[in-house]
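Residue-level structural notes
If you want the building blocks of each chain, they are given just below.
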There are 2 protein chains.
Amino acid sequence: MTRLKRCRICKKEGYIYLRHANLPLCKEHFISRVHFVVQDTIKKYEMFSKKEKILVAVSGGKDSLALWHILKELGYDTEGFHIDLGLGEFSNVSKQISENFAEKHGIKLNIFSLEKELGSSMENIIEKSYEKPCSLCGTVKRHLMNKIAYEMGHKVIATGHNLDDEASRLLGNILSWQEEYLYRQYPVLPEEEVLVRKVKPLVFLSRKELLMYCKANEIEYADMSCPYSKGARSLVLLDVIEKIEERYPATKIRFVRGFYKLRERFKPSQYVELHKCPGCGIPTASEKELCRFCRIKERVKRDVLAS
Amino acid sequence: MTRLKRCRICKKEGYIYLRHANLPLCKEHFISRVHFVVQDTIKKYEMFSKKEKILVAVSGGKDSLALWHILKELGYDTEGFHIDLGLGEFSNVSKQISENFAEKHGIKLNIFSLEKELGSSMENIIEKSYEKPCSLCGTVKRHLMNKIAYEMGHKVIATGHNLDDEASRLLGNILSWQEEYLYRQYPVLPEEEVLVRKVKPLVFLSRKELLMYCKANEIEYADMSCPYSKGARSLVLLDVIEKIEERYPATKIRFVRGFYKLRERFKPSQYVELHKCPGCGIPTASEKELCRFCRIKERVKRDVLAS
């Protein structure tokens, strides 16, 4: 490894080299830049104001803890919530680390357990299903996140999706040209009846930047992969995007930024009729009567009764 | 390598397994399928009719020779043209093989030499320029192809671009969201004043299919890479697309087909004013007075005079 160049701004010892911007920065100026990028994203996409309370979805990983830390540093009023998915050691560690962070910084963390909410752990649900783990878990998490926030009376949920997540998801959506998914991939999705506003303030910061942000601020995070993520499509696409970025720096940010600018063009041409799920009241495009979450819930109920 | 399954249609010995369609085929039914796919593409995109003479751009590689062979087999009236780029052994072999094919099948092949047309070989132009070889060569080839066809009185040029070419080019255009390039990536570009109609009848056939088509029909082709293509962005993207396809078969065809369907949405939002190049009369978006081709030509002229 070559020695890091000195900070472009103050000429002090370099902490990180941002290759996509050809920018070496010291620790202090790197932290300022991260804060600036996030504040700018919040403002540009009108995510929320300082008068609102932001509910931060905290998994215990580097992204969500960095997000929580940044929002706190920027002076936003936050509260965390963590869903204990019941994925063995992975979940235990994630929960503990989230609690440690909340305690250290004196911010409230609400903990929910999938076992309690649904009557089963994610481990059980996955083992008893033929569906792909990430897809199942995603559906359950998205639903619960919204439900929890809505019932708590919150107006906005912030998640830690980073640039790498966005770029790889975008690539996946584009390879199959899923108009519906494409249109919904945006840094902010507005509130609508029972749906709470969802925002992603970290979409312009890479995985590496968030990792280095945690390191710079001595944020302890769960450095484990979910035991069920192995071979997931999202990881394959992450790898692809990273390979292109290595070769052509700034590809990720141009790709994602360019898409957001053109996003209106992906408004689905065919209007998909939504109906309210009779189970939970959330609008769903599912052709079945119940939404996917409620169908999973029904299955869990049957399994519990049968055992 | 596992043994090939028997042909899905006649149960005879398998010749190829089309993974994206989960379809094993014998030699005979594979050839029929290739013909069917090309005929279908010609019809769907209204490329040309049997009453027109088609000018086929023949490089001597597998794609252009397969294209010429297929069009002949489908009963189209064709004539070939080959541009001798002057890239040493690579160009000599390519020209010889193109001539052999024309002679064997009794079809007319027009040969043009870059040296004669422009006063310099591509090798010379590349060596004396700081621009990327593939970009330079592409500009020169596209210009000459059009000029030759127009001056010969032809209405349509067919090129051998295959599915892999289209998918990787599309990926490149999308990663940088180049609206202008995106909109012009289509199987047919209509004639417009001095611009001849350009068609790509092989866009739904993969590199592998065209290779196996040549083999099945004992078509001898130039199996060499251009000496200047090493490290080209197009090859990096080809490799990326191939890796995704290996993992998720049918990605390429869905990606390209899906894009063609949505293509109208990529009509550039800002109208780019074109002007006629005072050198060649072709509409150009270049901000300089002369189009890029004419600027290259001017440079060559200066170099020749200076030497």
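None of these values were measured; they are calculated from a predicted model. (Residues numbered from 1 in each chain as written. Chains lettered and ligands numbered in written order. Predicted model: local features only at pLDDT ≥ 70, side-chain atom pairs only at ≥ 80, totals over all residues.)

Quick look at the relation of the copies chain B and chain A
Stated precisely, the cut-off is as follows: Least squares is the method for superposing the copies, and the C-alpha atoms it fits come from residues with pLDDT of at least 70 in both.
For the pair chain B and chain A, the best superposition has an RMSD of 0.0 Å and corresponds to a rotation of 180° with a translation of 0.0 Å parallel to the axis. Read as a symmetry element, the transformation amounts to a two-fold axis. For chain B, the smallest separation between a C-alpha atom and the rotation axis is recorded for arginine 265 of chain B, amounting to 3.0 Å.

With respect to the environment of lysine 267 of chain A
What counts, and what does not: Helix and strand assignments follow DSSP, with helices taken as H or I runs no shorter than four residues and strands as E runs no shorter than two, numbered in order from the N terminus.
Structurally, the position occupied by lysine 267 of chain A is in the loop between α11 (251–262) and β9 (275–276). Remark: the alpha-carbon pair of lysine 267 of chain A and glutamate 180 of chain A, spanning 87 residues in sequence, is separated by 7.4 Å.

A closer look at the confidence of the model for chain A
Note the threshold: What pLDDT conveys is the predictor's confidence in a given residue, as a value from 0 to 100.
With 99% of its residues at a pLDDT of 70 or more, chain A shows a mean pLDDT of 92. Among the prediction metrics, the complex's ipTM stands at 0.89, with pTM recorded as 0.92.

What about the sheet that holds strand β7 (residues 188–189) of chain B?
Residue and element names in this part refer to chain B. Counted only if it meets this: Each pair of strands is called paired provided DSSP finds at least two bridges between the two strands. Contact definition: two residues whose C-beta atoms, as placed from backbone geometry, lie within 7 Å. Structural elements are reduced to axes, namely lines fitted to C-alpha atoms, with helices fitted over the stretch in contact, and the angle between N-to-C directions of any two is expressed from 0 to 180 degrees.
Strand order in this open sheet of six strands is β5-β4-β3-β6-β8-β7, and the pairing throughout is mixed. Single-partner strands in this sheet number two, and they are β5 (109–113) and β7. Bridge analysis of β7 against strand β8 (residues 197–199) gives two bridges, and the strand direction is antiparallel. Across the sheet, residue leucine 189 finds its bridge partner in β8, namely lysine 198. In the packing of helix α3 (residues 88–105) onto the sheet, contacts are made with β4 (77–84) and β5, and the angle to β4 comes to roughly 160°. Helix α6 (residues 133–152) contacts β3 (53–57), β4, β5 and β6 (156–158) of the sheet and is inclined by roughly 135° relative to β4.

Let's talk about the domain arrangement of chain A
Residues and elements named next belong to chain A. Our working rule: Where each domain starts and ends comes from a domain assignment, either automatic or drawn from a database. Think of it as three bins: nonpolar holds Ala, Val, Leu, Ile, Met, Phe, Trp, Tyr, Cys and Pro, charged holds Asp, Glu, Lys and Arg, and polar takes everything else, Gly as well.
Split into domains, chain A comes out as domain 1 (16–270) and domain 2 (272–307). Taken over C-alpha atoms, the centre of domain 1 sits 25 Å from the centre of domain 2. Facing 14 residues of domain 1, the contacting portion of domain 2 comprises eleven residues. Across the side of domain 1 that touches domain 2, the residue classes break down as seven nonpolar, five polar and two charged.

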